[in-house]
Amino acid sequence: MKNLYIPLLALATCCATQVEAKVKDLLPRPQKIEATQGASPFLLQRNVQVTDPTHNATLQRFLTETGCKSDDAATAKIIVEIVTSIPSSYDYTLYGFENEAYSLVITPNEVHIKAITPTGVTRAVQTLTQLAEGYDEGEAPALEALTMTDWPAFKLRGWMQDVGRSFLSFDELKKEVDLLSRFKVNVFHWHLTEKLAWRFEVKQYPQLTANANMTRYPGQYYTQEQCKELEAYAAERGVTVIPEIDMPGHSDVFTKAMGFGMQTTQGIAALKNILDEVAKAFPLAPYIHIGGDEVRQEQWNNSSEVRTFMKEKGINSAAELQMWFTNHIASYLKS
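Now for a quick tour of the structure. All residue numbers here refer to positions counted from 1 along the written sequence of the relevant chain. Only residues with pLDDT of at least 70 get local features here, since the model is predicted, and only at 80 or more are side-chain atom pairs given and counted; chain-wide, interface and lining totals rely on the full set of residues. Computation of side-chain values covers all heavy atoms of the structure but excludes hydrogens and water.

Here we look at helix H3 (residues 118-131)
Consideration 1: The helix and strand labels rest on DSSP assignments: H or I over at least four residues marks a helix, E over at least two residues marks a strand, and numbering proceeds from the N terminus. To estimate the expected span of a helix, subtract one from its residue number and multiply by 1.5 Å. For H3, spanning 14 residues, the distance from its first C-alpha to its last is 20 Å, which sits close to the expected 20 Å at 1.5 Å a residue.
Consideration 2: Three exposure classes are used, based on accessible area relative to the maximum for each residue type with a 1.4 Å probe and protein chains only: buried under 20%, partly exposed in between, and exposed over 50%. Most of H3 is tucked away, with 13 of its 14 residues classed as buried.

Quick look at the structure:
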């Protein structure tokens, strides 16, 4: 028995270390997590009984990627439950962003997700995706047995992609969204216009995206159909797209293409038309960023007219979001 005992002890030590490492390496770090010592993991690559009233697309992709097939007669279960609260979690109000708290319990034959909103379900599945990674080829992937409660410290966790100064293919943008979502980054700030190029298709003013009016990657832009597609693609992964049309700074392309500046009467009228098209191309966006940076305030004496127009159209300016965020951070740091 001694010859058997030593290898088994070594194996048990190895498995315990692996469990600790995978849980410890979750990003972002969960608020509360406890591995269930001595419990077998939930094995993947098998038939599972799935109960999900939210029909979560991220969960469906997870099942496909990990070789799990839905089977109502299976003994292994994945259960999603929408609840009214997650005990000991924290949330605060930010327009356009749902409560993301969730709890996760993994046992050898059951994965039980509880969340207040469908977004919380997506966050839980993004955690499962990380837990299922890192296995060697030929080794069956599994989910460690554990109990977890998680919620974000900050509701807006963003990434800005400046395609005005550069240009990325549409497929590359989707890859970025995929990668960001795996780590629960929930905002894709899409900086679509710059002094060097204008990347958003404006049907009323096609000259804005004409080759002759751009100095970097001329003629490269995204159609409004692509904008809608990327927004829907991101939303399915728990990522919100916030588009930006920079004004009045960095507006060289606008001036060259239109023959007048943004701060003229003609310019203001054109910007209203442009923002109307932006709002329709991004129907899910809770905010549209309208820049306002890198210019003196007195240079942008018509900004109030643009903001008034946006409010009349039911469009939120990200300037208001920035003020809210600044105040919230200040309060957080003081606490």
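Anyway, onward from the coordinates.
Let's talk about a nonpolar patch on the surface
Consideration 1: Together, Leu27, Leu179 and Phe183 line one region of the surface with nonpolar side chains, adding up to about 290 Å² of accessible area.
Consideration 2: Assignment of secondary structure puts Leu179 in helix H4 (residues 170-182). Each patch groups residues whose relative accessible area exceeds 30% and which form no salt bridge, using 9 Å between like charges and 5 Å between nonpolar side chains of Val, Leu, Ile, Met, Phe, Trp and Tyr. Accessible surface is estimated by sampling points in the Shrake-Rupley manner with a 1.4 Å probe; for residues, cover comes only from the protein chains shown. Between Lys or Arg on one side and Asp or Glu on the other, a salt bridge is scored when a side-chain nitrogen of the former is within 4 Å of a carboxyl oxygen of the latter.

Overview of the pattern of salt bridges
Pairs can form between side chains of opposite charge whenever their charged atoms are close.
Consideration 1: In total, this model carries 13 salt bridges according to the counting rule given.
Consideration 2: Residues Lys155 and Asp91 are paired through a salt bridge, measuring 3.1 Å at the closest nitrogen-oxygen approach. Highlighted residues: Lys155 in the loop between strand S9 (146-150) and strand S10 (158-162) and Asp91 in the loop between strand S5 (77-82) and strand S6 (102-107), separated in sequence by 64 residues.
Consideration 3: Overall, the relative accessible area of 2% leaves Lys155 in the buried class.
Consideration 4: By relative accessible area, which is 33% here, Asp91 ends up partly exposed.
Consideration 5: Close ionic contact of Lys228 with Glu225 constitutes a salt bridge, the shortest N to O distance being 3.8 Å. Of this pair, Lys228 and Glu225 both sit in helix H5 (residues 224-235), separated by 3 residues, roughly a single helical turn.

A short note on the side chain of Asp162
Consideration 1: Mapped onto the fold, Asp162 is located in strand S10.
Consideration 2: For Asp162, a relative accessible area of 11% corresponds to the buried category.
Consideration 3: For Asp162, the side chain forms a polar contact with the main-chain nitrogen of Gly164, separated by 3.0 Å. Polar contact is the term for a pair of N or O atoms within 3.5 Å; when the atoms are in protein, one must be able to donate a hydrogen and the other to accept it, and sequence-neighboring residues count only if both atoms are side-chain atoms.

Looking at the nonpolar core
Consideration 1: Membership of the largest hydrophobic core comes to 45 residues, with the highest contact counts inside it found for Trp190, Trp198, Phe200, Phe254 and Phe282.
Consideration 2: Looking at this core, the elements that each hand over two or more residues are H4, strand S11 (187-191), H5, strand S12 (240-247), helix H6 (252-258), helix H7 (265-281) and helix H8 (303-312).
Consideration 3: The contact criterion used is simple: two residues touch if any of their non-hydrogen atoms lie within 4.5 Å. When residues no more than four places from it in sequence are discounted, the contact partners of Phe254 are Trp198, Leu208, Gly259, Phe260, Gly261, Met262, Gly267, Ala270, Leu271 and Ile274.
Consideration 4: In these notes, a set of buried Ala, Val, Leu, Ile, Met, Phe, Trp, Tyr and Cys residues joined through side-chain atoms within 4.5 Å is what counts as a nonpolar core. Core analysis: the next-biggest nonpolar cluster, separate from the first, contains 28 residues, Leu26, Leu63, Leu104 and Leu128 among them.

Looking at the packing of aromatic side chains
Consideration 1: Ring geometry is summarised as follows: Phe, Tyr and Trp rings, the Trp one being its six-membered ring, pair when their centres sit within 6.5 Å, and such pairs are stacked at plane angles under 30 degrees, edge-to-face over 60 and tilted between the two. Scanning all chains against the criterion turns up 9 aromatic pairs.
Consideration 2: Ring geometry for Trp190 and Tyr222: centres 5.0 Å apart, planes at 55 degrees, overall tilted. Of the two residues, Trp190 is situated in strand S11 and Tyr222 in the loop between S11 and H5; the sequence distance between them amounts to 32 residues.
Consideration 3: For Tyr222, a relative accessible area of 1% puts it in the buried group.
Consideration 4: In this structure an aromatic cluster arises from ring pairing among Phe167, Phe188, Trp190, Phe200, Tyr222 and Phe282.
Consideration 5: Across the ring face of Phe42, the terminal group of Arg46 is positioned such that the distance to the ring centre comes to 4.6 Å.
Consideration 6: The aromatic ring of Tyr92 is capped on one face by Lys155, whose charged end is 5.9 Å from the ring centroid. As a reminder, the over-ring test applies to NZ of lysine and CZ of arginine, requiring each to be within 6 Å of the ring centre and within 35 degrees of the ring normal.

Some words on unusual backbone geometry
Consideration 1: For the peptide bond that leads from Leu27 to Pro28, omega is -10 degrees, which places it in the cis range.
Consideration 2: With respect to the helices and strands, the residue Pro28 is situated in the loop between helix H1 (2-24) and strand S1 (32-35).
Consideration 3: Here the bond from Met247 into Pro248 is cis, since omega is -5 degrees, no more than 30 degrees from zero.
Consideration 4: In this structure, Pro248 sits in the loop between S12 and H6.
Consideration 5: Positive phi is not limited to glycine here, since Gln45 has a value of about 55 degrees.
Consideration 6: Relative to the helices and strands, Gln45 resides in the loop between strand S2 (42-43) and strand S3 (47-51).
Consideration 7: With a relative accessible area of 51%, Gln45 lands in the exposed category.
Consideration 8: One non-glycine residue, Lys184, lies in the positive phi region at around 65 degrees.
Consideration 9: Relative to the helices and strands, Lys184 resides in the loop between H4 and S11.

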